[in-house]
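Secondary and tertiary structure notes
One letter stands for each residue in the lines below.
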Amino acid sequence: MAFAYKQYDTTKQQVRSKTIIALTVFLLLMTGAVFGWRWLRHQPTQDQAQIPLRKVLNFNEVFFSSLFSNGNLAKSYVPAQAIKNPRVNGNEGISDGFDPAAWKLKVARKPGDTLYISLDELKALPKTEIIFDFKCIEGWSMVTHWGGVLFSDFAKKYNLDTNQKYAGLVTPDQGYYVGVDMPSMLHPQTILCYEMNDKPLELKHGAPLRLIIPVKYGIKHLKRIGTLFLSNERPADYWYERGYDYYSGL
Ligand SMILES: Nc1nc2c(c(=O)[nH]1)N[C@H]1C(S)=C(S)[C@@H](COP(=O)(O)O)O[C@H]1N2
Ligand SMILES: [Mo]
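As the structure is a computational prediction, the values presented were derived from the model and not from experiment.

1. What to know about unusual backbone geometry
Cis geometry is adopted by the peptide bond preceding Pro208, which originates at Ala207 and carries an omega value of 0 degrees. Inspection of the secondary structure puts Pro208 in the loop between β10 (199–200) and β11 (210–212). For Asn159, which is not glycine, the phi dihedral falls at a positive 50 degrees.

Written as structure tokens, this is what we have:
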């Protein structure tokens, strides 16, 4: 049996008119993109993002937080899959002259009610390990292995009022600071971390204590926690102030 092939009788005239249509559509789209971009750039800003962009970011926050559930766990890996020497990224708030031996975690439970907690006291609490794919908004990710105390265990032990909507974390020199919604803080993979690859955390990775919060992008994993506080107002957030999304959820 012979196959019947469709015949294409493309004349020069047809090619010409198709080319003209394609070019016109292309030029219209490009003009739209250029004008759209100019329009966006001249929009007033809120928290360093043009208001139409900020609206999209706020919508993302409402949308993604509605999907949030403690049952949504980041995928776990086995220790052999973890990178031995993870890259170091971000040194805001990691200034010289810091003395880890003199460090204590300052916990502002309420105005006028402050605790100072040593690393040994934190290590006395049950240890939780997590091996997950750490994702930075710059576009890279790496499987890394961390150990520390679950924030939810810590909050119970020190009677923190987790009905507050947010936790704020700040470096000792106040150079870097993040705000995190309480459901994400209480997630069963969120730890106050003092170990990497079964060894004490190194200063460049945030010793004595950092946040590891797999439901968020890297920007929220604050290294070198000085102060932790709870609040119903959104705590200041370093990258939010520079135009990023506050929620930064995954
Ligand atoms: N104090 C502090 N913590 C920080 C940052 C920073 O600049 N300063 N950068 C964040 C970003 S953007 C990332 S991706 C991770 C990187 O963690 P690492 O250096 O241990 O790989 O740290 C986060 N925590
Ligand atoms: Mo990052």
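2. Brief notes about the layout of surface pockets
Here the largest pocket defines a volume of roughly 420 Å³. Here the lining of the largest pocket is composed, by residue class, of 13 nonpolar, six polar and five charged. As a volume, the second largest pocket reaches approximately 310 Å³. Lining the second largest pocket are 20 residues, with Asn72, Ala74, Pro214, Val215 and Leu250 positioned closest to its centre. A per-element tally of the lining of the second largest pocket places strand β5 (residues 128–135) first, with three residues.

3. With respect to the pairing of β5
The two faces of the sheet receive side chains in turn, since in a regular strand these alternate between them. Sheet analysis places β5 next to strand β6 (residues 141–150), joined by eight bridges and oriented antiparallel. Note on β6: the bridge partner recorded for Asp133 is Val143. Taking the residues that link successive antiparallel strands as the turn, the β5-β6 hairpin has five residues, and the phi of Gly139 there is positive, at about 110 degrees.

4. What to know about the packing of aromatic side chains
According to the stated counting rule, one finds 13 aromatic pairs in the structure shown. Note on Phe59 and Phe63: the rings are 6.0 Å apart at their centroids and 20 degrees apart in plane angle, and the pair reads as stacked. Placement of the pair is Phe59 and Phe63 together in helix α2 (residues 51–67), with a separation of four residues, close to one helical turn. The class for Phe59 is exposed, based on a relative accessible area of 54%. We classify Phe63 as partly exposed; its relative accessible area is 40%. Seen in terms of ring centroids, Tyr240 and Tyr246 are 5.3 Å apart; in terms of plane orientation they differ by 75 degrees. Their pairing is edge-to-face. The same class applies to Tyr240 and to Tyr246, which are both buried. By the ring-pair criterion, three or more aromatic residues cluster together here, those being Tyr176, Tyr177, Tyr238, Trp239 and Tyr244.

5. Quick look at the site of ligand 1
Residues in contact with ligand 1 amount to 20 residues; listed here are only the nearest, Arg87, Glu92, His205, Arg210 and Lys223. Between ligand 1 and His205, the relevant distance is 2.7 Å, taken from an oxygen atom to a side-chain nitrogen or oxygen of the residue. Between ligand 1 and His221, the relevant distance is 3.0 Å, taken from a nitrogen atom to a main-chain nitrogen or oxygen of the residue. Considering ligand 1 on its own, with 530 Å² of exposed area, one finds that the protein chains cover 97% of that surface. Its residues assigned to classes, the shell around ligand 1 comprises nine nonpolar, seven polar and four charged.

6. Remarks on the domain arrangement of the protein
On domain assignment, one finds that the protein holds domain 1 (1–42) and domain 2 (48–85 + 101–242). Between the C-alpha centres of domain 1 and domain 2 the distance comes to 50 Å.

7. Focus on the pattern of salt bridges
Pairing of side chains with opposite charge becomes possible as their charged atoms draw close. In this structure the tally under the stated criterion is eight salt bridges. For Asp181, the salt bridge goes to Lys216, with nearest N and O atoms at 2.8 Å. Of the two residues, Asp181 is situated in strand β8 (residues 177–181) and Lys216 in the loop between β11 and β12 (227–231); the sequence distance between them amounts to 35 residues. In this structure Lys216 comes out as buried when scored by relative accessible area, which is 1%. The salt bridge involving Asp237 is made with Lys220; its shortest N-O contact spans 2.8 Å. Of this pair, Asp237 sits in the segment after β12 while Lys220 sits in the loop between β11 and β12, placing them 17 residues apart in sequence. For the pair Asp237 and Lys220, a shared accessibility class is recorded, and that class is buried.

Rules used in this analysis
- Residues numbered from 1 in each chain as written.
- Chains lettered and ligands numbered in written order.
- Predicted model: local features only at pLDDT ≥ 70, side-chain atom pairs only at ≥ 80, totals over all residues.
- Heavy atoms only, no water.
- Helix = DSSP H or I, 4+ residues; strand = E, 2+ residues; numbered from the N terminus.
- 1 Å grid on protein atoms, 1.4 Å probe; cavity = no way out; pocket = protein on both sides within 12 Å on 5 of 7 lines; lining within 4 Å.
- Points joined across faces, edges and corners; volume = space filled by probe spheres on them.
- Nonpolar A, V, L, I, M, F, W, Y, C, P; charged D, E, K, R; others polar.
- Pairing = 2+ DSSP bridges.
- Phe/Tyr/Trp six-rings, centres within 6.5 Å; stacked < 30°, edge-to-face > 60°.
- Buried < 20%, exposed > 50% of the residue type's maximum accessible area, 1.4 Å probe, protein only.
- Near = heavy atom within 4 Å.
- Polar contact = N/O pair within 3.5 Å; in protein donor to acceptor, adjacent residues only side chain to side chain.
- Areas by Shrake-Rupley, 256 points an atom, 1.4 Å probe, with all protein chains shown as cover.
- Domains from an automatic or database assignment.
- Salt bridge = Lys/Arg side-chain N within 4 Å of Asp/Glu carboxyl O.

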